[in-house]
Amino acid sequence: MNTWFKNHPRRCWTWKSPGDRVRNQIDFILMKKRYRNSITSCKSMPDADCSSDQIPAVVTMVVKLKKLKKSKKEPRLQLNILEEDEELKKKYIVCVKNKFDILDSLNTAEEKWQKMKESIHEAAKEHIPTTRKESPTPHIEIDTEGLPIMPDEVEHAMKKIHKGKAAGPDDITIELLLALKEVGIQEVTKLLNTIYDTGEIPEDFKKSVFIALPKKPGTTDCEQHRIISLMSHLTKVLLRVLMSRMRNEIRPEISDTHLTDAAHTGRPVEFNNDLLLATLEEDCAATLEELTQKFYSSPSTVHRQLQQLCSASKFGK
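Report follows, based on the coordinates. Along each chain, numbering runs from 1 in the same order as the chain's sequence is written. Under the rules for a predicted model, residues below a pLDDT of 70 receive no local features and side-chain atom pairs below 80 are neither given nor counted, while totals for whole chains, interfaces and linings still include all residues. In computing side-chain properties, one takes all heavy atoms of the structure into account and sets aside hydrogens as well as water.

## Focus on the side chain of Ser44
The criterion, for reference: Strands are runs of DSSP state E lasting at least 2 residues, helices are runs of H or I lasting at least 4, and numbering of each runs from the N terminus. Each residue gets one of three labels from its accessible area relative to the maximum for its type: buried under 20%, exposed over 50%, partly exposed in between, using a 1.4 Å probe on protein chains only. In protein, a polar contact requires one atom able to donate a hydrogen and another able to accept it; more generally it is a pair of N or O atoms within 3.5 Å, and residues adjacent in sequence count only if both atoms are side-chain atoms. In this analysis, two residues are considered to be in contact whenever any of their non-hydrogen atoms come within 4.5 Å of each other.
Within the fold, Ser44 resides in strand β3 (residues 39–44). Residue class for Ser44 comes out buried when judged on its relative accessible area of 2%. In this structure the side chain of Ser44 is engaged in a polar contact, spanning 2.8 Å, whose partner is the backbone oxygen of Arg11. Within the structure, Ser44 has its side chain in polar contact with the backbone nitrogen of Cys12 (distance 3.4 Å). The contacts of Ser44, once residues within four sequence positions are left out, are Arg10, Arg11, Cys12, Trp13, Thr14, Ile55, Pro56 and Ala57.

## Focus on the environment of Ile185
The residue Ile185 is located in helix α6 (residues 182–198) in this model. Exposure remark for Ile185: the relative accessible area of 7% places this residue in the buried category. The spacing of Ile185 and Glu153 is 32 residues in sequence and 9.7 Å in space, taken between C-alpha atoms. Ignoring any residue separated from it by four or fewer positions in sequence, one finds Ile185 in contact with Pro151, Val154, Glu155 and Met158.

## Quick word on the packing of α6 against helix α7 (residues 233–250)
Counted only if it meets this: Comment: axis = line fitted to C-alpha atoms, over the contacting stretch for helices; angle = value between 0 and 180 degrees taken between N-to-C directions. Relative orientations are named as follows: roughly parallel for angles under 35 degrees, roughly antiparallel for angles over 145 degrees, roughly perpendicular for angles from 65 to 115 degrees, and oblique for any other angle. Crossing handedness is defined as follows: a turn of the near helix away from the far one that is anticlockwise and smaller than a right angle gives a left-handed crossing, while the clockwise case is right-handed.
Relative orientation of the contacting elements α6 and α7 amounts to 65°, with a least axis distance of 11 Å. The orientation of α6 relative to α7 falls into the category roughly perpendicular. Once α6 is placed against α7, the crossing between them reads as right-handed. For the pair α6 and α7, the contacting residues are Val188, Leu191, Leu192, Ile195 and Tyr196 in the first and Leu234, Val237, Leu238, Leu242 and Arg245 in the second.

Dropping the structure here:
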């Protein structure tokens, strides 16, 4: 760019020899031809006090920053009104029920789910006010011997899901489903049974959005971020139903010499009565709480076992 502009000779040379005998233009500023018009001037600065035989070259550029378009936020539904306004809830239920009439004529789970999702969205937009705030399909073997999913299982699973959570890719929250009461439970049960019988899972059920939330503002380290995943609330309902069934089948297989906190983790922990009795005989002065802490970090279950052993032992407290 030094040669692109017609400057005075003293604004062109960038080096002088010892004794100031020769002055040459040996330093150049390069710029792609595409961005050449952004340069308004280019010249050397012989009067710069830099204590060197090299003269700095200065470029003036006009930079036009790209304008970022802010994404428009979709208005959020005032879901709390469903619990406060009974008339609004009745209108919402009637509207969804009328739209659900066509579901029985559909055969595949994907078609039923798409129509159910569309019906819930349309009914919610019609009756609930809004507020603004700043892969290939896997092959699944069909098990025809399993019992069908019951409405009580679906209702229990839906009530177990925490309210106020962010919606998944389908943008349907558990509050919208619970507000439908019997209508929503029946249709969700039919949908889950279709999935359970055919092995066909709707596309929205297989999507999960991962978001990295910074633990500290402005951090760029991966360790300082917490990863959350947003999935469909109906996926959570289906998983809870299946987990409940598996838990009921696994519990009878756990022997009496194992402890388990099945309500929370389901992980078995080996329990040895002889080891506890030997400890009681060795340290008979220890309290139940102290002995419990030696064997298990969460002492509630072991504490009950120790009480039973202590009641039958002369060393019991």
